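Structure assessment
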Amino acid sequence: MKILVTGGAGFIGSHTVVELVNAGYDPVIIDDFSNSEKSVLKGLKKILKKNIKCYSKNCNDLKTLEKIFIDENIEGVIHFAAYKAVGESVQNPLKYYENNIGSTVKLLHVMNKLGIKNLVFSSSCTVYGQPEIIPVDENTPRQPATSPYGSTKAMCEDILRDTIVSGSPLKIISLRYFNPIGAHPTAHIGELPNGVPSNLVPYITQTAAGLREKLTVFGNDYNTPDGTNIRDFIHVVDLAKAHVAALNLLKKQADNYYDTFNIGTGDGVSVMQLVKTFEKVNKIKLNYEIGPRRPGDTEKIYAITTKAQEVMGWKAEKTLSESLKDAWRWQKKITKK
Ligand code: UD1
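For the structure given in this document, a descriptive report is provided here. (Residues numbered from 1 in each chain as written. Predicted model: local features only at pLDDT ≥ 70, side-chain atom pairs only at ≥ 80, totals over all residues. Heavy atoms only, no water.)

Observations concerning the site of the ligand
What surrounds the ligand is a group of 18 residues, the closest being T216, N229, R231, R294 and D297. Separating an oxygen atom of the ligand from a side-chain N or O atom of T126 is a distance of 3.3 Å. Within the backbone of F218, an N or O atom sits 2.9 Å from an oxygen atom of the ligand. Here the ligand has 740 Å² of accessible area as a free molecule, and 89% of this is covered by the chains. Sorting the residues of the shell around the ligand by element identifies α7 (200-208) and β8 (215-218) as the ones contributing at least two each. Of the residues forming the shell around the ligand, the biggest block, four residues, is contributed by β8. (Near = heavy atom within 4 Å. Polar contact = N/O pair within 3.5 Å; in protein donor to acceptor, adjacent residues only side chain to side chain. Areas by Shrake-Rupley, 256 points an atom, 1.4 Å probe, with all protein chains shown as cover. Helix = DSSP H or I, 4+ residues; strand = E, 2+ residues; numbered from the N terminus.)

Rendered as structure tokens:
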């Protein structure tokens with residue numbers, strides 16, 4: 001089954017391409033390389049021992065999508081392609097609405113027109129905001145987003161659901177990712193942040209590699225056991241496998257289907273616990289200081305993942321230690337270059 005992977009050269013996209021091939025799917029990438037590098041394709045080749053077809057194009061374009069769907073005989077889509085920098089989205093909201101919403105709407109138009117039914121969408125736990133009760137399941141009410149980036153995820157979920165409510169034959173799953181970290185165990189692919197990382201683990205690995213002076217832990221006065229934020233950190237390979245499980249489920253569903261799934265480990269881990277685990281498993285002393293809170297940060301959130309287990313037969317298998325070892329192995333490799 002040929003699957004178009006939009007944003008397939010990105011961090012989660014590239015790991016998903018590997019798992020798709022491992023599961024017998026045939027992925028084709030479309031990526032405009034605005035936040036990824038061509039070297040990812042070489043990494044994929046090293047892991048998979050074959051070339052993965054890639055269109056270097058922006059997917060926010062009806063004609064481009066239609067042509068690829070027809071030329072490649074595409075039967076399903078995983079839609080990763082989106083801008084994702086929270087801060088930038090506040091500065092430049094139209095860029096985010098235009099790209100993230102525009103590409104999703106266009107995909108839906110073309111899929112409806114050509115009768116391509118299977119779609120997996122990259123959503124985020126950001127749609128829950130700071131919930132009153134944690135951990136969260138899929139029925140936890142969504143909260144107004146704290147950034148245009150977050151709004152685009154909630155709005156796309158609504159657009160997908162409304163499309164199904166309207167009677168479209170499409171079959172759609174939104175996966176709400178918690179915090180993806182780590183890298184492929186081969187260290188041939190991993191995270192490649194653009195400029196100064198805003199996410200925790202790439203900031204840690206760059207600090208450990210001497211590329212940053214020190215990590216600032218954003219606040220230790222939260223209402224959590226050690227005062228730092230709590231998140232659900234999931235190995236990117238486990239997350240990638242969730243997409244395979246989602247496609248397998250879509251294939252079994254009747255037309256006109258929409259559902260959402262939390263994709264996390266089910267464990268809440270604090271920022272300081274993660275820092276300490278990184279130091280321990282990699283035998284490194286990390287230079288860090290406690291700084292002020294980062295505006296907009298959620299105090300604590302982690303997932304209930306029972307639904308993904310019961311309905312998709314998927315659950316996260318890798319440990320935090322494995323994630324942090326893989327992240328460090330990848331960082332050492334790219335620092336050497
Ligand atoms: C953010 C986004 C989320 C997105 C995810 C992508 C929001 C509110 N959050 O999640 O939607 O899907 O990135 O991975 O939109 N931290 C530090 N020092 C640092 C960096 C981070 O202490 O230098 C802390 C943060 O305060 C936070 C934790 O580490 O408590 C995780 O931060 P980060 O990796 O940026 O992810 P989120 O903010 O959880």
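Having seen it, we continue.
Side note on the pairing of strand β6 (residues 171-177)
A large share of β6 lies buried, amounting to seven of its seven residues. Of the two faces of β6, the one holding K171, I173, L175 and Y177 and the one holding I172, S174 and R176 are both buried throughout. Summarising the sheet, strand β5 (residues 118-124) and β6 pair through seven bridges and their orientation is parallel. Looking at β6, one finds that S123 is bridged to R176. Here β6 pairs with strand β11 (residues 257-263) via seven bridges, running parallel. Along β11, the bridge assignment pairs S174 with T260. (Buried < 20%, exposed > 50% of the residue type's maximum accessible area, 1.4 Å probe, protein only. Pairing = 2+ DSSP bridges.)

Notes on the nonpolar core
If you look at the biggest cluster of nonpolar residues, it comprises 41 residues, and the most contacted ones within it are L175, F261, I263, M312 and W314. Those elements giving two or more residues to this core turn out to be β1 (2-6), α1 (11-22), α2 (39-48), β6, α8 (236-252), β11 and α10 (306-312). For this core, the leading source of residues is α8, giving nine residues. Apart from the residues lying within four places of it in its own chain, the contact partners of I263 are L175, R176, Y177, F178, I234, L239, A242, A308, M312 and W314. (Core = buried A, V, L, I, M, F, W, Y, C linked by side-chain atoms within 4.5 Å. Contact = heavy atoms within 4.5 Å.)

Considerations on unusual backbone geometry
Of note, the amide linkage connecting I134 to P135 takes the cis form, showing an omega dihedral of -5 degrees. Positionally, P135 belongs in the loop between β5 and α6 (148-165). Look at F33: it is not a glycine, yet its phi comes out positive at around 55 degrees. Relative to the helices and strands, F33 resides in the loop between β2 (26-30) and α2. Although it is not a glycine, A187 adopts a positive phi angle of roughly 60 degrees. Judged by its relative accessible area of 4%, A187 is buried.

As for the environment of I29
Relative to the helices and strands, I29 resides in strand β2. On the basis of relative accessibility, which here comes to 0%, the residue I29 falls in the buried class. Separated by 151 residues in sequence, I29 and P180 place their C-alpha atoms 20 Å apart. Discounting chain neighbours no more than four positions away, the residues touching I29 are L4, V5, G8, A9, V17, L41, L44, I52, K53, C54 and Y55.

Observations regarding the packing of helix α5 (residues 93-114) against α6
Working note: a packed helix pair is described by the angle between its axes plus the distance between those axes. As a packed pair, α5 and α6 sit with axes 9 Å apart at the nearest point and diverge in direction by 20 degrees. Our classification of the angle between α5 and α6 gives roughly parallel. You can see that α5 and α6 cross each other, and the crossing is right-handed. Note on element contacts: α6 touches α5 through P148, Y149, S151, T152, M155, C156, I159, L160 and T163, opposite P93, Y96, Y97, N100, I101, T104, V105, L108 and N112. Split into classes, the residues belonging to the contact of α5 with α6 amount to 12 nonpolar, six polar and no charged. (Axes fitted to C-alpha atoms, helices over the stretch in contact; angles between N-to-C directions. Parallel < 35°, antiparallel > 145°, perpendicular 65-115°, else oblique. Left-handed = near helix turned anticlockwise from the far one by under 90°. Nonpolar A, V, L, I, M, F, W, Y, C, P; charged D, E, K, R; others polar.)

Let's talk about the side chain of E72
Note on placement: E72 falls in helix α3 (residues 62-72). If sequence neighbours within four positions are ignored, E72 has contacts with K2, V28, K53 and Y55.

With respect to the sheet that holds strand β4 (residues 76-79)
The strand order β3-β2-β1-β4-β5-β6-β11 describes an open sheet built from seven strands, whose pairing is parallel. The two strands at the open ends of the sheet, each matched to only one other strand, are β3 (54-55) and β11. The strands touched by α6 are β5, β6 and β11; relative to β5, the strand with the most contacts, the crossing angle is about 150 degrees. Together, β1, β4, β5, β6 and β11 form the strand contacts of α8, whose direction differs from that of β6 by roughly 160 degrees.

Details of the pairing of β1
For a regular strand, side-chain orientation follows a simple rule: the groups alternate between the two sheet faces. In terms of burial, β1 is largely enclosed, as four of its five residues are buried. Two strands pair when backbone bridges link them, and β1 and β2 are joined in this way by five bridges, in the parallel orientation. Of the residues in β2, the one forming a bridge with K2 is D26. Summarising the sheet, β1 and β4 pair through four bridges and their orientation is parallel. What sits directly across from L4, in β4, is V77.

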